Amino acid sequence: MKISCVINHVPRTFDVDPMMSLRELLVSAGHVCVRDSDDSEGFCGSDTVLVDGTPVYSNLYLAGEADGCDILTPDGLGDAGHLSDVQQAMIDAGVVQSAYNAPAAALLLTWLLENNPDPTKEEIEDALSGIFIRDASYEHYFLAVQLVRERRKLGHYETKTAPIFREQLREIGTPDGKVDGPALVSGQRAYVEDYVSPDACVLVVLRSPYASAYIKSIDTAEAEKVPGVVKIITAANCPDIYYMQAGQGNPEPSPHDRRLFNWKVRHVGDRVAGIVAETKEAAEQAKNLIHVEYEVLKPVLTVEEAMAEGAPAVHNGPVEYRAGAPADLDSYNDQASKDPREGKVVYQFPLGADIHHNIAASNRGGIGDVEKAFAEADAVVERTYQTSQIQHTPLEPHVCFARMEGGRLTVYASTQVPYHVRRIVGWVTGLPENRIHVVKTRVGGGYGSKQDILVEDLTAYAAYVTGRPVYCRNTREEEFIACSTRHPMRMRVKMAGMKDGRITGIFMEVRANTGPYGNHCLTVPMNSCSKTLPLFKCPNMAYDLKVYYTNTPPAGAYQGYGTPKGNYALMMAMAELADKLGCDYKEMVLKNHVETGYRLDILKGLGEGREGNVVPVGSCGLREAILKGCDMIRWGVREQSDDPNVRIGKGFAMIMQGSGLPGLDHAEAIAKMETDGTVILNSGCADIGTGLDTVCAKIVSEVMCMPMEHVTVLSGDTDAAAFDTGSYASSGTFFSGNAALDAAKKLKEGVLKEAALQLGEEETDLNLRMPGEVFSRKTGAVLSYGELSHTACSGSGRGMVVAHGSYVTTASSVPYGAHFAEVAVNVRTGEIKVRKFYALQDAGTPINPELALCQMYGAALKSIGHTLYEGMILDKNGVCLNANMTDYGVPMVWEQPDDFKAVLIDVNDEYGPFGAKSISEIACNGAAPAIGIAIHDACGVWMDSWPMTPEKILRKLGKI
């Protein structure tokens, strides 16, 4: 049918299929910013447009219905060079981060302000109620509206977007907006899907309906006859290469326990076949024609089942070691199944594994004598805590586009680890790294899940073997059943204390569920100990860790990386110990937390598969965060409710994380001065929405005394830059920022050396100054960077000024903080309302303070969701029953605390670039214990599992 409409003030005419959605029409017309985050579920709001002035989900609106309508899409508000005041305010407020639905949010706020120039907070919430924000939370969207109102009324902002740090510096510590903010908020092409060529084939995956089964046979004959089918990849024709999907260092403490396709499927959603076809319709038709005969096996779905005597083995083939094989390996392998469909497990080095008992990895260690401490204590608390399986739910699902170009394989990836993608793709394809080019596009949300290589391996292999461009995009259901999740953990904590409030002994027993494959199987559970026990000045501490294979959806990296679980258990146990001893919890925390200079002997056994570095505590804002937060929340003051059924309580938790992995992480950058005196920094870093490119640009600008707009950061492209381990483990600002700093300092040296030659002066008499020039303190001579570089690159010059920077360290820069919660518990219904939540964190020098605050808000709200209601529900067969956004449930704008504050504690770190430490991961670590302790303060029950649902409250109260 033919329709006519007006799109962004331009009349258009189209021939459309009657069943085509409006979003399909708009994307085909070039409006790529109208995105799909939920497979037309109508939940996330990334597909929002205005039709005749009314917001609609374009996925749920037929194109035919738009006949005669006036349509405004997000890219109709302005472009990167001409932003609307709403778009600019969003950048200034710091909410444009991963930004997959930032254009849609800008459209909704524009619509709101056009219809209501002075909206209340409730009216702003109503306008944003149909859009899901995972990265920055909603708090600074209220700030963005305030900024727009001020600019429209006064011509400028009166409200500060964030505090300023290091006023002696020009760019560092000042809120200036992200360098990619204008492109992202205006909806320009930025994500993988925007680079897909029109001739690209589509890859879809046939997935297992069973949690555990052997594939007896697989018949693809009928499927291959479907017109448009290019290739079908199965266990029968894929490479016999065993690898792991964890994007970490190499060798890395994860077992190589999978192939592209296995003859044994190990979870519902496991890969069975990959269908490459010229259209999605052909691929789906072929998928339905593949006949698979399964031999269904009994699954193990919990740690308790996995550790039971005689439990089915998730992996039961031979084990190999690349290094450190035990002497009895041959006899151990004699116990393995002789069925070749089991495959094998390859360990890079010993991880304390025993696959015959479903143990993927284990570790134990400690300091002092915990048994003596328990025997001599005035009180001992011993409790077991359980956490649920949680999905990351990034707005952009896992997606990849790959193609062969001139004998090389180019992979467009939404990834946190471009260099690890290259390495693992090289393993799978057999190509050397010089023939693989990984382009990290903008990442529409990852939160750790895009540290794992979950679609890039298969997509790249499909492009390599077919010679055709191939595009793969997970459905939202696949995000739940086939992507990494947060490891469920069971933690038993035993803690001893004395009447004066001193904690004298701590024991942690951790039993973690890694799912069917061992991605991060040691390192995530180890973090539950290594990023929690070092908070305590306790002479006697021990831990015992075992990680089990099960047939549940895969686990992997998730923001916080194991720490939220361990911190929940330890802080809850400490609060109960204080209660048992009759101590004030605040005083117990103040008496037992670490401080600068305290030697962390417990770290010796807590390395990533090797001995850890024992270091003293460095810069530490922990005490200030605790004291300031207690004042803010009025600790010790009992709040009363007007409702007789509602009890109000308060709680808080101290938190820590890390800034990368000392001794393991590595970052590099190349700074080069162009012929006009501007600078391009080729950084190996992976900006995943956090503003890492902006961090690097600010560092170069600061060192080189040049305007930010004269610095361009090109990052995450394996052809253009030098190696970087990637954005995970809170390493971005600390490692990649320090590499940029090293490159900038060396570029400065090179410029001064070149200027000395050109001016005929001594280097010691020269310095740099704004707006990008060398000046002589001795003679007053001035040489602009443009003049300097032009001369250097002339036929008689000495060549371009280029500097290579790199950064490795054994130093540890740890961010600290404390999170506070005030909750209202309805003892009749069990309902829990978070009234107040305050996140106070020491991030050293916040290089981008407005972005840092929003990352704190986003991580805290995410963790409030984990604490209260998020969790995957599996039936007895391992099928996920809530594998969609509506049934799973995530925090929306209405779920924000009534009083929500993020506060940056000013601490200057010795090792970070300009004193910076990490900010985002740590903010996931405080919500569960803070809320759990507040619930006890409110109604007297100790919550020993999350999510902390109303049903659990009522059961604890003995009411059901």
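Data block above holds the structure.
Residues numbered from 1 in each chain as written. Predicted model: local features only at pLDDT ≥ 70, side-chain atom pairs only at ≥ 80, totals over all residues. Heavy atoms only, no water.

Peer 1: Sorry, what's going on with the sheet that holds strand E20 (residues 470-473) here?
Peer 2: Strand-to-strand pairing in sheets goes through backbone hydrogen bonds, with the strands running parallel or antiparallel. As summarised here, the arrangement of the 7 strands in space is E8-E10-E6-E20-E17-E18-E19, forming an open sheet in which the pairing is mixed. In the strand order of this sheet, the two ends are held by strand E8 (229-234) and strand E19 (436-440), each with one partner. Strand after strand, the sheet turns through a mean of 20° between neighbouring axes, direction not considered. By the bridge criterion, 4 bridges tie strand E17 (residues 399-405) to E20 in an arrangement that is antiparallel. Looking across to E20, one finds that Cys400 is bridged to Cys472. The strands touched by helix H8 (residues 280-289) are strand E6 (201-207), E8 and strand E10 (271-277); relative to E6, the strand with the most contacts, the crossing angle is about 25°. On the sheet, helix H12 (residues 418-429) packs against strand E18 (408-413) and E19 and is oriented at approximately 145° with respect to E19. (Pairing = 2+ DSSP bridges. Helix = DSSP H or I, 4+ residues; strand = E, 2+ residues; numbered from the N terminus. Axes fitted to C-alpha atoms, helices over the stretch in contact; angles between N-to-C directions. Contact = heavy atoms within 4.5 Å.)

Peer 1: Got a minute to help me understand the nonpolar core in this structure?
Peer 2: Side chains of a nonpolar character, in soluble globular proteins, are inclined to be buried together. Counting 180 residues, the largest nonpolar core has Met90, Phe536, Met574, Tyr585, Ile931 and Ile935 as its most contacted members. The element that contributes the greatest number of residues to this core is helix H16 (residues 563-581), accounting for 11 residues. Sequence-distant contacts of Tyr585, that is, excluding residues within four places in its chain, are made with Met571, Met574, Ala575, Ala578, Trp635, Phe652, Ala653 and Ile933. In terms of nonpolar packing, the next biggest core, distinct from the first, is built from 44 residues, Cys685, Val695, Ala756 and Ala916 among them. (Core = buried A, V, L, I, M, F, W, Y, C linked by side-chain atoms within 4.5 Å. Buried < 20%, exposed > 50% of the residue type's maximum accessible area, 1.4 Å probe, protein only.)

Peer 1: Where do I start with the packing of helix H19 (residues 692-704) against helix H20 (residues 732-759) in this structure?
Peer 2: Relative orientation and spacing of two packed helices are given, respectively, by the angle between their axes and the distance between those axes. Where H19 contacts H20, the axes come no closer than 9 Å and their chain directions differ by 30°. It follows from the interaxial angle that H19 and H20 lie roughly parallel. Remark: the crossing between H19 and H20 carries right-handed chirality. Between H19 and H20, the contacting residues are Leu692, Val695, Cys696, Ile699, Val700, Val703 and Met704 on the first element and Gly732, Thr733, Ser736, Gly737, Ala740, Leu741, Ala744, Lys745, Leu747, Lys748 and Val751 on the second. (Parallel < 35°, antiparallel > 145°, perpendicular 65-115°, else oblique. Left-handed = near helix turned anticlockwise from the far one by under 90°.)

Peer 1: In this structure, what is going on with the layout of surface pockets? I would like to understand it.
Peer 2: By rolling a water-sized probe across the atoms, one finds the places where empty space is left. Roughly 1,500 Å³ of volume is contained in the largest pocket. Along its surface, the largest pocket is lined by 43 residues, and Arg23, Val202, Lys280, Tyr471 and Arg473 are the ones closest to its centre. Residue assignment for the lining of the largest pocket shows that the elements contributing at least two residues are helix H1 (22-28), E6, H8, E20 and helix H14 (476-482). If one sorts the elements of the lining of the largest pocket by residue count, E6 sits on top with 6 residues. Here the second largest pocket is characterised by a volume of approximately 550 Å³. (1 Å grid on protein atoms, 1.4 Å probe; cavity = no way out; pocket = protein on both sides within 12 Å on 5 of 7 lines; lining within 4 Å. Points joined across faces, edges and corners; volume = space filled by probe spheres on them.)

Peer 1: Got a minute to help me understand the side chain of Gln245 in this structure?
Peer 2: Relative to the elements of secondary structure, Gln245 occurs in the loop between E8 and strand E9 (264-265). Overall, Gln245 belongs to the buried group, its relative accessible area being 5%. Those residues in contact with Gln245 that lie beyond four places of it in its chain are Arg258, Arg271, Ile424, Gln451, Asp452, Ile453, Leu454, Asp457 and Asn519.

Peer 1: I'm lost on helix H24 (residues 927-939) in this one. Help?
Peer 2: Owing to its 3.6 residues per turn, the α-helix brings residues three or four apart onto one side. For H24, built from 13 residues, the straight-helix expectation of 18 Å at 1.5 Å per residue is met to within 8% by its first-to-last C-alpha distance of 18 Å. The buried fraction of H24 is high, at 12 of 13 residues. Buried within H24 we find Ala927, Ala928, Pro929, Ala930, Ile931, Gly932, Ile933, Ala934, Ile935, His936, Ala938 and Cys939. (Expected span 1.5 Å × (residues − 1).)

Peer 1: Looking at this structure, I do not really get empty space enclosed by the protein. What am I missing?
Peer 2: Under the criterion given, the structure shown has 9 cavities of 30 Å³ or more. Empty space within the largest cavity amounts to approximately 690 Å³. Ile688, Thr690, Gln855, Ser920 and Glu921 are the residues nearest the centre of the largest cavity, which is lined by 45 residues in total. Elements represented by at least two residues in the lining of the largest cavity include exactly H19, H20 and helix H22 (849-868). Counting residues per element, the lining of the largest cavity draws most heavily on H22, at 7 residues. The residue inventory of the lining of the largest cavity, partitioned by class, reads 19 nonpolar, 22 polar and 4 charged. Its boundaries defined by the atoms lining it, the second largest cavity holds a volume of some 160 Å³. Around the second largest cavity, the lining comprises 17 residues; the ones closest to its centre are Gln245, Arg258, Leu454, Ala482 and Pro554. (Nonpolar A, V, L, I, M, F, W, Y, C, P; charged D, E, K, R; others polar.)

Peer 1: What should I look at first to understand the pattern of salt bridges in this one?
Peer 2: Close approach of charged atoms allows side chains with opposite charge to pair. In total, this model carries 56 salt bridges according to the counting rule given. For Asp906, the salt bridge is made with Arg166, and the minimal N-O distance between the two is 2.8 Å. Of this pair, Asp906 sits in the loop between strand E35 (899-905) and H24 while Arg166 sits in the loop between helix H5 (139-154) and helix H6 (181-185); the two residues are 740 residues apart in sequence, bridging distant segments of the chain. Arg166 sits in the buried class, given a relative accessible area of 12%. The salt bridge partner of Glu304 is Arg490, with a shortest N-O separation of 2.9 Å. In this pair, Glu304 is assigned in helix H9 (residues 303-307) and Arg490 in strand E22 (residues 489-497), connecting sequence segments 186 residues apart. When salt bridges that share partners are traced, they join Arg364, Glu382, Arg492, Glu509, Arg511, Asp544 and Lys546 into one network. (Salt bridge = Lys/Arg side-chain N within 4 Å of Asp/Glu carboxyl O.)

Peer 1: Help me out: how do you make sense of the packing of helix H3 (residues 102-115) against H5 in this one?
Peer 2: Interhelical geometry of H3 versus H5 gives an angle of 50° and a closest axis separation of 11 Å. The pairing of H3 with H5 is recorded here as oblique in orientation. By crossing handedness, the relation of H3 to H5 is classed as right-handed. Residues Ala105, Leu109 and Leu113 of H3 lie in contact with H5, whose contacting residues are Tyr141, Val145, Val148, Arg149 and Arg152. The residue makeup of the contact of H3 with H5, split by class, is 6 nonpolar, no polar and 2 charged.

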